[in-house]
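Understanding the architecture of this molecule
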Amino acid sequence: DRQVQRSSRDADGGSRHRQQQQQQRRSLPPSQLWLAQLIRVRVVDKRLQGGKLYLKKGTVLDVAPDGRCDLRLEDSRQVVSAHQDELETVVPKEAGAAVMVVAGPHKGRRGRLLQVSLGSGAAALQLVGDMSVVRLLLDDVAQFMGQLDEEED
C-alpha cells in the first residue's frame, strides 16, 4: 500500500495525494453522509491520533458536509475531529433506548429501540411520531443522546 503511494508520488509529484485531500474536503452527497448531531459513535480507525482513540466512544457534536465531525469522547470529555470513515455507529443493547436512523428511507427519524438481533444484524424500533415499527440493519441505527421528543416535525 505504501509502495503504491510512493510510486504514484514519484510519477506525478504528489498531485494524486493532493487530489485525494481535496476530494475529502468536498461535500458528500446526502445519501453518503450518515453522521448526525447527538448520535453515539465508536472510533474504528487505528491510525486516528496514533491509535490512542481506537475503540473509544463519543457523541457527535457537529457535522460538516464533507463527512468530518467534532465529537466529545466519553472517557476524557476531550473534543476531537474525525471523518465518518473512521467511525461506526453505536447501537444500545437495552430495549427502550433512544435511537436515530442514520441511513435509508427513514434517515433522520428518531425512535425507541425494541429489540436487537446480533445474529441477523438487525434492530426493531418504534419511530417517534407515527409510532410505526420498522426493522433496520444495525449499521443504519445509532444511539441518540439527545432528548427524544414524542412528536417529530
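The structure we're discussing is the one just above.
Residues numbered from 1 in each chain as written. Predicted model: local features only at pLDDT ≥ 70, side-chain atom pairs only at ≥ 80, totals over all residues. Heavy atoms only, no water.

**Observations concerning the overall build of the chain**
Note the threshold: The way it works is that DSSP assigns letters per residue, a run of H or I at least four long becomes a helix, a run of E at least two long becomes a strand, and they are numbered from the N terminus. Partly exposed describes any residue whose relative accessible area lies between the buried limit of under 20% and the exposed limit of over 50%, with all areas from a 1.4 Å probe on protein chains only and scaled to the type maximum. Here, residues are in contact when the closest pair of their heavy atoms is within 4.5 Å. Note on areas: Shrake-Rupley, 1.4 Å probe, and residue coverage restricted to the protein chains presented here.
The helix and strand inventory of the chain stands at 2 helices and 10 strands. Helices and strands in the chain line up, N terminus first, as α-α-β-β-β-β-β-β-β-β-β-β. Looking at the 153 residues of the chain, the share that counts as buried comes to 36%. Sequence separation of at least 24 residues holds for 45% of the intrachain contacts in the chain that already meet a minimum separation of 6. Surface summary for the chain: the accessible area is close to 9,600 Å², and the carbon and sulfur share equals 45%.

**Some thoughts on the sheet that holds strand β3 (residues 68–73)**
As a reminder, the rule being used: Following DSSP output, two strands are said to pair if at least two bridges run between them. Fitting a line to C-alpha atoms yields each axis, with helices limited to the stretch in contact; the angle taken between N-to-C directions then spans 0 to 180 degrees.
The sheet built from 5 strands is open, its strands ordered β4-β3-β2-β1-β5 with antiparallel pairing. The outermost strands of the open sheet, each flanked by one partner alone, are β4 (79–83) and β5 (87–89). Strand-to-strand twist in this sheet, taken as the mean axis angle between neighbours without regard to direction, amounts to 45°.

**Digging into the pattern of salt bridges**
Quick reminder of the rule: Note on definitions: salt bridges are taken to be side-chain nitrogens of Lys or Arg within 4 Å of carboxyl oxygens of Asp or Glu.
Throughout the structure, instances matching the rule amount to 5 salt bridges. Taking the shortest distance from any N to any O, the salt bridge between Glu74 and Arg40 comes out at 2.5 Å. Pair noted here: Glu74 is in the loop between β3 and β4 and Arg40 is in strand β1 (residues 40–43), with a separation of 34 residues, a long-range link. Where Lys56 meets Asp75, a salt bridge forms, and the shortest distance between an N and an O atom there is 3.1 Å. With Lys56 in the loop between β1 and β2 (57–63) and Asp75 in the loop between β3 and β4, this pair connects stretches of sequence that are 19 residues apart.

**Details of the sheet that holds strand β7 (residues 110–117)**
Taken in spatial order, the 5 strands line up as β9-β8-β7-β6-β10 in an open sheet, and their pairing is antiparallel. At either margin of the open sheet sits one strand with a lone partner, and together these are β9 (133–137) and β10 (141–143). Each adjacent strand pair in this sheet contributes to an overall mean axis angle of 45°, direction not counted. Across 3 bridges, the pairing between strand β6 (residues 98–101) and β10 is antiparallel. By the bridge assignment, Met100 is partnered in β10 with Ala142.

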